[in-house]
Amino acid sequence: MKILHINNMNKVRVNKSTRSVPLVAIIGAGPAGLSAARNLKLRGIEYEQFERHTGVGGIWDINNPGTPMYESAHFISSRDRSGYFGFPMPAHYPDYPRRDQILEYTRHFAERFDLAPNIRFSTAVDALACADHGWQITLDTGERRSFSHVICASGHTWTPNWPSYPGEFSGKVMHAVDYRSGEQFAGQRVLVVGAGNSACDIACDAAQFADASLISMRRGYHFIPKHLFGIPADQFANRSRWLPFGVRRRAFEWLLGLLQGDLSAHGLQAPDHSLLASHPIINSQLIHYLQHGDITICRDIDFFDGDDVVFTDGARHTVDLVVYATGYRYEIPYAPSALFEWNGYKPSLDYSVFNRRHESLFAVGFSEMNGGGYYLFDMMTSLIADAIVSQTQTPEHWRVAKTLISTPPNTGPTLNMVDSDRHKDYLDVDRYLAACQRLIKRLGWRDPERMLRDSNHPTDPEPAWL
């Protein structure tokens, strides 16, 4: 194992009392994969990274085949609550950065930490299989490579989830994965099916470009505006973290009611769950368009009837195009499903990264969460990197660590999430990070932010690439 004493990112001294030298494969060079690469590099762990597209960025590159990205997309977590450790998003970015700014930021992260030399671009992984003392990866070139450990960071928004309804629809049908611009809706009556953040964005685009915009929602939801009193909503909520969770939730519900009023006046159903018991909808535009009559709220689809859609409340609307914004399946297409335990259609992972069946196989970026992902990825991949060090350098310590890791973390009061596949193993970001810090302290592992500071690779109060 190479042990890092970093003077800069390119000078590494090797501890020659090494037991073994792992070679790790990282599959994917999107935001999660890049975080994994930096954490492995900080510890001097040798790795290779495989990316099927031509550059870094994953879904945020709208030109990547199969990406669900669309032109109007923005982050739903705010700029100052979304960046990597030690590499904040620049202050000139808006409160909620655009998709192209996120891609720019991700690319500069890779440049800043010199991650590209270890990435094989335009190289897809076709298959992953157990092998003697590790793993065998088959590439789309036919080449086979052996590794001691594998980190699956290929993302979960590539395989569309298609619902099914009775009847026949004579119009056009598409999934949100193929949506790019509101111009696709010109001259059409558009029905968007779904109530996630992308569904609401797409319905708002349709309100601007289509002849009619409708959105079908199965239940009532809480809508959180992107700003509260001029402050990004997640930053506003963060200021009350000192309060007990139940108190904060009730106070936030009261505040939203005060600011938004009774949303049922615009056709929305009353929520059947507490705030944050479902993935939050962070959207200010939808309420605006509802207030101006530019979007029609519909119940769940009952059945199709030619060019009509009939809803569960008996309403009937004629539409030309149905857009299914119904999410994605959490597939790891190159890995046999038996390599992981599954909870619904998600891999079930300890601390959202540790495989319960194979300790040298990890996955990151397969979790639903209620906050920004990039600093969460840093925590997750720091745990992975320390686990690899522990497995290869101090197996006796790893046996202790494995016992602690397999014990569900105490994250405080339950969120009481709605009963759906999407919300199984759902992460409350603040409580998850606190649980990880407790684990790190008990195991004597390195806090990822402190390790970055101690590496003599200075953190950036304002990125140098500006």
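As the structure is a computational prediction, the values presented were derived from the model and not from experiment.

Calculation rules
Once a new chain begins, its residue numbering starts again from 1 and follows that chain's sequence as written. Under the rules for a predicted model, residues below a pLDDT of 70 receive no local features and side-chain atom pairs below 80 are neither given nor counted, while totals for whole chains, interfaces and linings still include all residues. No hydrogens and no water enter the side-chain calculation; it runs on all heavy atoms of the structure. Helix and strand assignments come from DSSP, with helices taken as H or I runs of at least 4 residues and strands as E runs of at least 2, each series counted from the N terminus. Any two residues whose heavy atoms approach within 4.5 Å at even a single point are treated as in contact. Per-residue and other accessible areas were derived by the Shrake-Rupley procedure at a 1.4 Å probe size, with only the shown protein chains allowed to occlude residues. Criterion used throughout: strands pair if DSSP finds at least two bridges between them. Each axis is a line fitted through C-alpha atoms, and for a helix only the stretch in contact is used; angles between axes span 0 to 180 degrees, taken between their N-to-C directions. Computed over the protein atoms alone on a 1 Å grid, cavities are sets of points where a 1.4 Å probe fits but cannot get out and pockets are open sets with protein on both sides within 12 Å along at least five of seven lines; a residue lines them when it has an atom within 4 Å of a point. Grid points are joined across faces, edges and corners, and a volume is the space filled by probe spheres set on the points. In this count, Pro and Cys sit with the nonpolar residues alongside Ala, Val, Leu, Ile, Met, Phe, Trp and Tyr, while Asp, Glu, Lys and Arg are called charged and the others, Gly among them, polar. Between rings of Phe, Tyr and Trp, where Trp is taken as its six-membered ring, a pair exists when centres lie within 6.5 Å; planes separated by under 30 degrees are stacked, by over 60 edge-to-face, and by other angles tilted. Each residue is placed in one exposure class: buried if its accessible area under a 1.4 Å probe, protein chains only, is under 20% of its type's maximum, exposed if it is over 50%, and partly exposed if it falls in between. Charge-over-ring placement is defined geometrically: NZ (Lys) or CZ (Arg) within 6 Å of the ring centre, and within 35 degrees of the ring normal. Side-chain atoms within 4.5 Å link the members of a nonpolar core, which is a set of buried Ala, Val, Leu, Ile, Met, Phe, Trp, Tyr and Cys residues. Here the angle decides the label: under 35 degrees means roughly parallel, over 145 means roughly antiparallel, 65 to 115 means roughly perpendicular, and every other value means oblique. Should the near helix be turned counterclockwise from the far one by less than a right angle, the crossing is left-handed, whereas a clockwise turn marks it as right-handed. One side-chain nitrogen of Lys or Arg within 4 Å of one carboxyl oxygen of Asp or Glu is enough to make a salt bridge.

## Quick notes on the overall build of the chain
Per the secondary structure count, the chain includes 10 helices and 27 strands. Across the chain, every contact between residues at least 6 apart in sequence was considered, and the portion connecting residues at least 24 apart equals 68%. Just so you have it, the chain exposes about 20,100 Å², and 48% of that area is on carbon and sulfur atoms.

## Concerning the sheet that holds strand β11 (residues 189-193)
Judged by pairing direction, the sheet is parallel, and its 5 strands sit side by side in the order β10-β21-β11-β12-β17 without closing on themselves. Each edge of the open sheet carries a strand with a single partner, namely β10 (172-175) and β17 (296-298). The mean inter-strand angle of the sheet, taken between neighbouring strand axes irrespective of direction, is 20°. In the sheet, β10 pairs with strand β21 (residues 321-324) via 4 bridges, with the strands oriented parallel. Counted as the bridge partner of K172 is L321 from β21.

## Structural notes on empty space enclosed by the protein
Under the counting rule described, the total for this entry stands at 2 cavities of 30 Å³ or more. Forming the walls of the largest cavity are Y221, H222, I224, H273, L275, L276, S278, H279, P280 and I281. Per-class residue counts for the lining of the largest cavity are 6 nonpolar, 4 polar and no charged. Its boundaries defined by the atoms lining it, the second largest cavity holds a volume of some 40 Å³.

## Remarks on the packing of aromatic side chains
What the rule picks out here adds up to 22 aromatic pairs. Look at F109 and F113: their rings are 5.1 Å apart centre to centre, the planes differ by 50°, and that puts the pair in the tilted class. Overall, the relative accessible area of 2% leaves F113 in the buried class. Pairing F169 with F304 gives two aromatic rings, centres 5.2 Å apart and planes at 35°, and the pair type is tilted. One end of the pair, F169, is in strand β9 (residues 167-169); the other, F304, is in strand β18 (residues 301-306), with 135 residues separating them in the sequence. Comparing F169 with F304, the two get one shared label, buried. Each residue in the set W60, F75, Y84, F87, Y105, F109, F113, Y374 and F377 is aromatic and connected to the rest through ring pairs, giving one cluster. The side chain of R52 reaches across the aromatic face of W158, ending 4.7 Å from its centre. Sitting above the plane of the Y330 ring, K346 keeps its charged end 5.3 Å from the centroid.

## Observations concerning the pairing of strand β6 (residues 144-147)
Alternating positions in β6 separate cleanly, R145 and F147 being buried on one face and R144 and S146 remaining unburied on the opposite face. Direction of pairing for strand β5 (residues 134-139) relative to β6: antiparallel, over a ladder of 4 bridges. Following the sheet pairing, Q136 is matched in β6 by S146. Here β5 folds back onto β6, and the loop between the two strands holds 4 residues, one of which, G142, carries a positive phi near 95°.

## Examining the nonpolar core
Nonpolar side chains in soluble globular proteins generally cluster together in the buried interior. M217 and F223 are the most contacted members of the largest nonpolar core, which totals 99 residues. When residues in this core are grouped by element, the largest group, 11 residues, is from helix α7 (residues 374-393). Residues within four places of F223 in sequence aside, it is in contact with C200, M217, L256, Q260, L263, L268, I281, L286 and I287. Counting residues in each nonpolar core, the second largest holds 22 residues, with I27, V150, L339 and A363 among its members.

## Observations concerning unusual backbone geometry
In this structure, H133 takes a positive phi of about 60° despite not being glycine. Residue placement: H133 occurs in the loop between β4 (125-131) and β5.

## Section: the packing of helix α8 (residues 395-405) against helix α9 (residues 429-443)
Relative orientation of the contacting elements α8 and α9 amounts to 155°, with a least axis distance of 11 Å. In terms of orientation, α8 lies roughly antiparallel with respect to α9. Taken as a pair, α8 and α9 cross one another with a handedness that is right-handed. Every residue of α9 that contacts α8 at H397, A401, L404 and I405 is listed here: L439, R442 and L443.

## Side note on the pattern of salt bridges
Scanning the entire structure with this criterion turns up 17 salt bridges. The residue D100 makes a salt bridge to R98 at a minimum N-O spacing of 2.9 Å. On the basis of relative accessible area, D100 is assigned to the partly exposed category, the value being 34%. One connected set of salt bridges, linked through shared partners, spans R81, R241 and D430.

## So, the pairing of β5
The buried count for β5 comes to 5 of 6 residues, which makes it a mostly enclosed element. Where β4 lies against β5, 6 bridges are found, and the strand directions are antiparallel. Across the sheet, the residue bridging to A129 is Q136, located in β5.

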